[in-house]
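# Summary of structural features
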Amino acid sequence: MPTTQLLFDGAVTGLVIGLLAMGIVLVHRSSRVINFAVANMGLVGSVLFALLVVRYHVPYWAALVVALAAGTAFGAIVDLAVVRRLFNAPRVIVLVATIGVAQLALTIVAAYPDLDDHTTEQYPVPWTGTWSPLDDLEINSAQLSILIAVPATALALSWFLGRTVLGKTVKASADNPELARLQGISPKIVSTAVWAIAGLVATLCLILISAQNKSLTQITTLGPTTLLRALAAAVIARMVSFRIALAAGIGLGLLQAFVQFNWLDQPGLSDLVVLVVVLVAVFTVSRGRDTETSSFSFAPKVKPVPERLRQVWWVRHIARSGLLLLGVVAIVLPLLVTQPSRHLLYTVILAYAICAASVTILTGWAGQLSLGQMAFAGLGALTAASLNRGLRLEVGDTVYAFRGLTFPAAVLVASLFTAALAALVGAGALRVRGLLLAVSTFAFAVACEQYLYRRDVFHDEGTSSASFPRSTVLGIDVSTQRAYYYLVLAVLVVVLIVVARLRRTGVGRTTIGVRDNPATAAAYTVAAARVKLRTFALAGGIAGLGGALLAGAVQSVPYADKYFLSPDSLTLVAIVVIGGLGSVSGSVLGALWVIGLPAFMPDNELVPLLTSSLGLLILLLYFPGGLVQIGYSARDALLGWADKRLGAEPAPKTATSAPRGLTRTTRPAPPADQPVLATTDVRVRFGGKTAVDGVSLEVRPNEIIGLIGTNGAGKSTLMNAIGGFVTATGTVELLGRDISKAAPAARARLGLGRTFQAATLFPELTVRETVQIALEARGRTSLLSTALHLPHTFTRERAKRADADDLVDFLGLGRYADAFVGDLSTGTRRIVELAGLLALDARVLCLDEPTAGVAQRETEAFGPLIQEIRRELGASMLVIEHDMPLIMGISDRVYCLETGRVIASGQPDDVRNDPKVIASYLGTDERAIERSGSAPADRSDTALPSAEATATA
Ligand SMILES: Nc1ncnc2c1ncn2[C@@H]1O[C@H](COP(=O)(O)OP(=O)(O)OP(=O)(O)O)[C@@H](O)[C@H]1O
């Protein structure tokens, strides 16, 4: 093919991709969500269009108007029925909802009258014939319509955004959501308009693409690859620039044409190239942004069973009894039903449940939305089949032949392999969260499906499928479908038991902790990177295991057919959201619902609709906790009844003495004549601004050092530099060691404790769990030994629970032990933070405004409390505080900062009277210095105030 023609074809296809990308950018600018339905939304109108013209012989232009109107209406309905209702939901949830919308569009299209009688006809085009403006260039009618329609639409869009009030509001609302309100236009109307336009644009794009592809039967299979290219172009445009989106679309079209032309023998290579493009774009966009504000703490909060109810035997077993019942059905059913095809189906459901458990961990616990989890399952399946067959690797002239592994060994090694691979992918994804991670993992899934699965190493010689025959496992014959079913059931049970145990122990707690608040987790010695890698590996391994077992069920994995495709990864997310994100039984319920129900009722067309697409949307909108939430509501009602029967609750325990074993540090006492913490010439810059400008300070053994200064003086930034949370120059020494280069969690492990101004802690964890995370500092939970249920892990876990309870009681928090931190008042959260500090085994504690957000009356109790903690731990403290009487009352020495520099230091009284401090910070108003009617907190040995009184919720 001549080069001109090749490039022209690529550019024309790219134009449509670019227009789709503009649709994604448009929606993102107004709703801050990545619209995964962008391609499928167009199907509703584009298929209707074909139907009208081909089947009902409606004239082309009339049908076009109807189809575009239908697409626009579909977009508006999506907004009114779905997006608007999720107006305040985390953006990642809206993203999941768009997946539901995409599936819904497919279902609607499937319900249209079919076009089976017309398969020989072509998708309608406005003109026929070809044009040859140059010798080596031919333009067909579909291309001509693209050349006219796309620039016209792009111009119309930019006119709308630049010239109309509504358009200007849309454009500005991404940067300033309040602007829409100021202009007198409700943000909801803006959103509906945007989604309607997105529906229109998507419909036009799909009509243009379908006309180019000609075939009527291909319309509904455009899906993932088109979507991925449009997403890639939108990410390159940083989700803001329409022009760049269009240009990137054209660029991707050209790139695809070029790759396909030069490597004809490598089908799918262009998808691999797109994956690389997406990754590069995502990393460029994420660079410099540490965290995305949108969180994924969407998993239903499950109230722990209160301690005293645990004494009642049936309460202890209630959660298990539902699963046990399911288990009995799972054992008996295959005995009653005898067709092997049914046994195969049941096995597939079980395998899906295993794969879904991996999403539970990765997305539900760690908050990492992966839209490519089924790709790990696919790689697990193909790897297991290859290992079973025996590998032949050619490196240069040498051929390495490996003998085939047995079935169980192949499955095991394959899941270890996918675990390692997932850890590798996870290492790359460490800085990428939320929406962009979803795009990257989706690109990974498409690249696997189109390229990796097709590698020869995975297939039987000379064929395009991988056979995976099974014979015996540990001496048991599993060649029949029924026997194999029982094997997979046993594996599922083991997986569920292990996953449930992990959730109950430090592994699950730290994973959720890192999701909710990586900084506090690091201050509690838990390194976010390590936890995320562990989660990726664990989830990847489980997905690989599920995939390999699924391959064993079908015994032959044809590539790019039926299983392990990119839409299956989306289904997997739907399964866990429907079942109940984050809940172990949710994965089973979801798999039964999404995969099981339609298969059990193959003739009912409504069932698949209710189970996946519409089901997903209804659950997101009305039962965000998923199916398990219904079970939990019933359980909570039963617990309430049991609680009443037990009579009045006994008063919570309040310990009178500190739990010595905990508060006494195991670290050797530092030499009395050396500082425990010293900074030398620490500097922090944010862009052109110097927030901390060469600060040197010292904290000596057993000292409380106050850090004061106006708002913005650099106090928190200095503390962040000491903790390693911002990049700084200069040196920080802790207990005589230079820790300037150490990561935050490593500094915490060396004995540096830290609380934060916001006291967010871990909103989705309970008070006890929060303290238990801090106790990780005294003994780490190991993933492997916990998963293997080794006896010592039970002893340690029990000890951790008892220690946490002791600390909680000591601070008078007994009544809140099972309350979620997110539900507590700021004052109570601050006490929980202090409990965390006690658990830490730290030598130096950095407290950032320990009384911020606490009522004045309660503030006064904090002085003695802080001093009590110092006494208990024998620790030194650096305290930022705006409450002058408090800080002057408890501090041994005080430093005052102004614009990043120390302007005064010394005894509290000297600093208080320093003219520079008075001019800069205190002013001369005595009332600011002495709180009216209250003396400075007593520095003598006061008794510990009742935190119960301090921490009224
Ligand atoms: N991540 C950041 N990026 C850019 N500038 C920042 C960042 N963090 C802090 N700053 C700036 O650095 C300066 C010091 O801020 P910092 O929060 O340390 O002050 P502070 O003394 O703790 O104030 P406050 O008492 O209000 O907490 C401020 O001007 C602030 O705007």
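Residues numbered from 1 in each chain as written. Predicted model: local features only at pLDDT ≥ 70, side-chain atom pairs only at ≥ 80, totals over all residues.

The protein carries the name ATP-binding cassette domain-containing protein in an unreviewed UniProt entry, which gives Yinghuangia soli as its organism. Per UniProt, the comment on the protein under Subcellular location (unreviewed entry) is "Cell membrane". (UniProt positions renumbered as here; feature names shortened; annotations may be inferred.)

## Points about the environment of Gly380
Along the chain, the position of Gly380 falls in helix α14 (residues 373-389). Residue classification places Gly380 among the buried positions, given that 34 C-beta atoms sit within 10 Å. Placed 356 residues apart in sequence, Gly380 and Gly736 show a C-alpha to C-alpha distance of 49 Å. Setting aside its immediate chain neighbours within four residues, Gly380 contacts Ala414, Ser415, Thr418, Ala543, Gly544, Leu545, Gly547 and Ala548. (Helix = DSSP H or I, 4+ residues; strand = E, 2+ residues; numbered from the N terminus. Buried ≥ 20, exposed ≤ 12 C-beta atoms within 10 Å, placed from the backbone. Contact = placed C-beta atoms within 7 Å.)

## As for the packing of helix α3 (residues 60-83) against helix α8 (residues 187-213)
Taken N-terminus to C-terminus, the directions of α3 and α8 make an angle of 140°; their axes are 7 Å apart at the nearest point. In terms of orientation, α3 and α8 fall into the oblique class. Regarding α3 and α8, the two cross each other, and that crossing is right-handed. Residues Ala67, Leu68, Gly71, Thr72, Phe74, Gly75, Ala76, Val78, Asp79, Leu80 and Val83 of α3 pack against Ser191, Thr192, Trp195, Ala196, Ala198, Gly199, Leu200, Ala202, Thr203, Leu204 and Ile207 of α8. By residue class, the composition of the contact of α3 with α8 is 14 nonpolar, seven polar and one charged. (Axes fitted to C-alpha atoms, helices over the stretch in contact; angles between N-to-C directions. Parallel < 35°, antiparallel > 145°, perpendicular 65-115°, else oblique. Left-handed = near helix turned anticlockwise from the far one by under 90°. Nonpolar A, V, L, I, M, F, W, Y, C, P; charged D, E, K, R; others polar.)

## Focus: the site of the ligand
Near the ligand the following residues occur: Phe686, Lys689, Ala691, Gly709, Asn711, Gly712, Ala713, Gly714, Lys715, Ser716 and Thr717. For the shell around the ligand, the secondary structure elements donating two or more residues are β10 (689-699) and α27 (715-723). Sorting elements by how many residues they give to the shell around the ligand places α27 first, with three residues. (Near = placed C-beta within 6 Å.)

## A look at the sheet that holds β10
Here we have four strands laid out as an open sheet, ordered β10-β9-β12-β13, and antiparallel in their pairing. Of all strands in the sheet, those with a lone pairing partner are β10 and β13 (737-738), marking the two edges. Pairing between strand β12 (residues 729-734) and β13: two bridges, direction antiparallel. Directly across from Glu733, in β13, lies its bridge partner Asp738. (Pairing = 2+ DSSP bridges.)

## Observations concerning the confidence of the model for the protein
Caution applies to low-pLDDT regions: their predicted coordinates should not be interpreted in detail. When the pLDDT values of the protein are averaged, the result is 84; 90% of them are 70 or greater. Below a pLDDT of 50 lies the segment residues 290-294, which in the model reaches eight contacts outside its immediate sequence neighbourhood of four places, other chains included. Note that residues 931-953 has pLDDT below 50 and, in this model, 45 contacts with residues that lie over four places away or in other chains. (pLDDT = per-residue confidence, 0-100.)

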